[in-house]
Structure formats: structure tokens, C-alpha cells
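# Structural features, examined
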Amino acid sequence: EVQLVESGGGLVQPGGSLRLSCAASGFTFSNYAMSWVRQAPGKGLEWVSAISPGRSTYYADSVKGRFTVSKDNAKNTLYLQLSGLKTEDTAMYSCAKGKAASFDRSQYQKRDDNYWGQGTQVTVSS
């Protein structure tokens with residue numbers, strides 16, 4: 001089955017940086033669009049970023065210019081570089097497998113435990 005395991009979260013000060021990783025298995029990683037989503041306590045899910053098999057990238061307006069999504073197909077690993085962090089970036093960050101090669105933001109409106117990882121916590125605080 002699909003397995004997605006995130007790592008790299010932690011506590012950072014405003015303006016700091018982190019790199020999140022997502023180790024994928026159970027499917028042909030290179031053939032699917034992949035996304036990062038986040039959720040803060042008491043708040044709804046927020047789609048953050050995505051990357052297609054052809055390495056086209058997509059970002060939510062709230063993180064554009066600060067976050068960078070990438071992947072290494074040989075390692076079956078998805079990454080998210082977070083820079084210029086703000087307190088409002090505090091959330092649990094999960095990676096999620098798309099249904100197809102093309103990116104469709106509507107697929108990430110609700111959590112799907114079959115295709116999403118458990119997440120890694122990012123806390124931005126001074």
C-alpha cells in the first residue's frame with residue numbers, strides 16, 4: 001500500500017528555515033503529482049504546494065516566494081524547503097499523493113488517509 005513518511009519538522013524562530021522530507025513507497029513515485037498540505041490546531045486543511053512528474057511547481061499565495069517544493073525520483077523522496085518562516089506557518093505538514101500525473105488542487109480539500117502521510121510538526125515561535 002501507499003506509504004508516506006514525513007520528517008524534518010521542528011521549532012524555529014521567525015525568519016528561519018527548515019527542509020521537510022517525505023519518503024514514499026508502495027507506488028511509482030515518479031508518475032504522480034505530489035503535494036504538501038498543512039493544518040494548524042482548530043483550523044482547516046490548507047493546500048501548500050505541489051510538483052508534477054515533469055517538475056512543474058505550484059504554490060499557495062500564502063507561501064509563494066518563501067517555500068520551494070522539489071523531489072528526487074531516485075530516492076522516492078519529496079521535499080519542501082521553508083524559508084522566511086512566519087508564526088502563521090505553524091502547522092502539521094503532510095505530504096499527499098495525487099490521483100494522477102496532473103496536479104488537481106481539488107483533490108486536497110479533505111484528508112485521505114490512504115494517500116496522505118501522518119505529518120511532521122513545524123512550530124515557528126520566538
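Residues numbered from 1 in each chain as written. Predicted model: local features only at pLDDT ≥ 70, side-chain atom pairs only at ≥ 80, totals over all residues. Heavy atoms only, no water.

## Section: the side chain of E6
Here E6 shows up in strand 1 (residues 3-7). Buried within the structure, E6 lacks any salt-bridge partner; its nearest side chain of opposite charge belongs to R111, at an N-O separation of 5.9 Å. Setting aside chain neighbours within four positions, we find E6 in contact with S21, C22, W36, Y93, S94, C95, G117, Q118, G119 and T120. (Helix = DSSP H or I, 4+ residues; strand = E, 2+ residues; numbered from the N terminus. Buried < 20%, exposed > 50% of the residue type's maximum accessible area, 1.4 Å probe, protein only. Lys, Arg positive; Asp, Glu negative; His and termini not counted. Salt bridge = Lys/Arg side-chain N within 4 Å of Asp/Glu carboxyl O. Contact = heavy atoms within 4.5 Å.)

## Describing the packing of aromatic side chains
A full pass over the atoms with the stated rule returns six aromatic pairs. When the centroid spacing of 6.1 Å and the interplanar angle of 20° are considered together, the rings of F103 and Y108 count as stacked. Taken together, the ring pairs connect W47, Y58, F103, Y108 and W116 into an aromatic cluster. For the cation-ring pair, K71 lies above F29, with the distance from its terminal atom to the ring centre recorded as 5.7 Å. (Phe/Tyr/Trp six-rings, centres within 6.5 Å; stacked < 30°, edge-to-face > 60°. Lys NZ or Arg CZ within 6 Å of the ring centre and 35° of its normal.)

## Remarks on the pairing of strand 5 (residues 46-51)
Burial analysis of strand 5 places five of its six residues in the buried class, the great majority of the element. Sheet analysis places strand 4 (residues 34-39) next to strand 5, joined by five bridges and oriented antiparallel. Bridged to S35 within strand 5 is A50. Between strand 4 and strand 5, which follow one another and run antiparallel, lie six residues, and G42 among them has a positive phi close to 80°. In this antiparallel pair of consecutive strands, strand 5 and strand 6 (residues 57-59), the connection spans five residues, and R55 shows a positive phi of 75°. (Pairing = 2+ DSSP bridges.)

Everything listed here is a matter of geometry and, on its own, says nothing about what the molecule does.
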